[in-house]
Amino acid sequence: MSATGISTPDRDQRITALEALLAERDAALAGARADIAARDLLIDMLRVQIARLKRMSFGKSSEKLTREIAQLELALEELETAAAAVVGDSQRGKATIDRTPPVRTLPAHLPRLEIVHEPVSGSCACPACGGALRPLSADADEMLDVVPVSWRVVRHIRPKYSCRACETIVQAPAPVKAIARGKATFATLAHIVVAKFDHHLPLYRQAEMMAAQGIDIDRSTLAGWTGQTAALLDPIVARIREQGLKATKLHTDDTPVPVLDPGRGRTATGRLWVYAVDDRATGAATPPLVWYEFTTDRTGAHPQKHLAHYTGYLQADAYAGYNPLYASGRVTEVACWAHFRRKIFDIHQAKPTALTSDLLDRIAGLYAVEADVRGQPPDQRHAARQDRSAALVDALRAALDAALRRLSPKSEMARAISYGVKLWPALLRFLDDGRLEIDNNIAERAIRSIAVGRRNWLFAGSKVGGERAAAIYSVIETCKANQVDPQRYIADVAAKIAGNWPASRWDELMPWNWKADVDPKVAQAA
């Protein structure tokens, strides 16, 4: 029926119905937009909370904060996934996209697989007129793809030859094996070790993943391979420790580690101590390194033993176990401004006041100077600190003393300020030597990987497992500090050590000197 054939009442009724549908759609659209805006606001809020908790995740309640961060990360992941799904659904139904997404270039070092999509009608004749087609140009779009971990069997074949004249048998020697009578290459050992200690995949999960690909290897076998790898890397760990003790400045920290204790039917609490050397902030060319030590408790005897032959600056928290080292005269204490700031910041988060805001702003002024001099040589850092930071520190001390006179000695704020005042000479030490840092974040960063993978740290009732993990972590973290791929490094270096690499050439194998071996025979042996 034509429009002219529709009566006026019918036309008005249809218009009213369409207007009602439009109003309903507009209301639904407004509700959806409100939901999206609320979700975006929640996502932003979660991101801020996660960032703040990560800044606090190395304090007294680090375990609780780590769990809270994990929960918030999961919530954020779900919200972002839901947001992406809504955007995907809406874009599939639209011919155009309202906002062009940012163009992200994929890394150039990745291999490229090119798939050419020819027209359905072919590339010779024009589907419109039948004329001949000629190449004009091409549109290309790159997408990130993944190839699952694939396993293979390396079969070593050694042909035998005999001499027709003297019957001498000639054959190539058997290649070095990663494990005597074992079935794992050096590359396999490196993969398992890095997956456990750097990617935080426990061995039982790795065994399950291998089983899903038809490879039946017990967790106990993987544990044995891990132990063999640690033994091969012992010379590297010893050399890292030896070089670290020669430094003039060390950063140290420690973190609790759960240790399986079958005798008491529960886990005990061991300790991992980190010692780090990193002078890159001063523009120095000396290579960074990290080594770890495992102990079954947190008594001061342990760092005193670890640093018995060390002479120089030690940047650490206010743990009393370091005091005998300072009293010896060989080791000079350097305190951490980040620890002091954190105590004030925690109070500010709970109940901000004019005092907490003022003190945090004053400390922020010190960090602004540090940001300006980062990467400059020690003499320039020292000059800038004397010129700019010294006056800020003096004014801060005056504000701290004035606050202590007003506050009750038993208040949380007085305790926080007293912590800094007690350490004042050690807090000022960075002003007088451009090689020193304002805080101990170098050591805290080295501890972070252990804090992330803490659930993997269950050892077999003795300190042997802890010491093994500390050794492997020393190699992995030193590799990462020197921009070296830990997996390639461990595969190559373990093969060379097993092949009787001369002790006089250990330095060539250290992470800061190591170069990837491109010899195909060496790669095949690994």
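Heads up: the structure comes first, above all this text.
It should be emphasised that the depicted structure is a prediction, and the values quoted were computed from it without experimental measurement.

*Asks:* Lay out helix 4 (residues 203-211) with the relevant residues and their values.
*Replies:* Three or more residues of helix 4 are buried, namely L203, Q206, A207 and M210. Each buried residue of helix 4 lies within a common arc of 100° when the element is viewed along its axis, so the set occupies one face. Elements that come into contact with the buried residues of helix 4 comprise helix 3 (186-197) and helix 5 (219-232).

*Asks:* How would you explain the nonpolar core if you had to name every residue and give the values?
*Replies:* Judged by nonpolar contacts, the single largest core of 72 residues is most densely connected at I236, Y292, Y489 and I490. For this core, the element with the highest residue contribution is helix 15 (residues 463-481), accounting for 8 residues. Dropping the residues within four chain positions of it, I490 is found in contact with A190, V193, V194, T229, L233, V475 and I476. Judged by nonpolar contacts, the second largest core, of 27 residues, contains F340, L355, L427 and L431.

*Asks:* Describe the pattern of salt bridges, listing the residues and the values that go with them.
*Replies:* Scanning all chains against the criterion turns up 23 salt bridges. Look at the salt bridges and you will find they share partners, linking R239, E242, K246 and D507 into a network.

*Asks:* Explain the packing of aromatic side chains to me, and be specific about the residues and the numbers.
*Replies:* Evaluation of the coordinates by the stated rule reveals 9 aromatic pairs. Ring centres 5.1 Å apart and planes at 25° place the aromatic pair Y275 and W291 in the stacked group. Taken as a pair, Y275 in strand 4 (residues 266-277) and W291 in strand 5 (residues 289-295) lie far apart in primary sequence, 16 residues in all. There is no split in this pair, since Y275 and W291 are both buried. An angle of 90° between the planes, with centres 5.4 Å apart, marks the rings of Y319 and Y322 as edge-to-face.

*Asks:* Explain the state of the cysteines to me, using residue names and the numbers behind them.
*Replies:* Under the criterion given, the structure shown has 0 disulfides. Between C163, a cysteine without a disulfide, and C166, which holds the nearest cysteine sulfur, the sulfur-to-sulfur distance is 3.6 Å.

Conventions we followed
Residues numbered from 1 in each chain as written. Predicted model: local features only at pLDDT ≥ 70, side-chain atom pairs only at ≥ 80, totals over all residues. Heavy atoms only, no water. Buried < 20%, exposed > 50% of the residue type's maximum accessible area, 1.4 Å probe, protein only. Helix = DSSP H or I, 4+ residues; strand = E, 2+ residues; numbered from the N terminus. Arc of directions from axis to C-beta. Contact = heavy atoms within 4.5 Å. Core = buried A, V, L, I, M, F, W, Y, C linked by side-chain atoms within 4.5 Å. Salt bridge = Lys/Arg side-chain N within 4 Å of Asp/Glu carboxyl O. Phe/Tyr/Trp six-rings, centres within 6.5 Å; stacked < 30°, edge-to-face > 60°. Disulfide = S-S within 2.5 Å.

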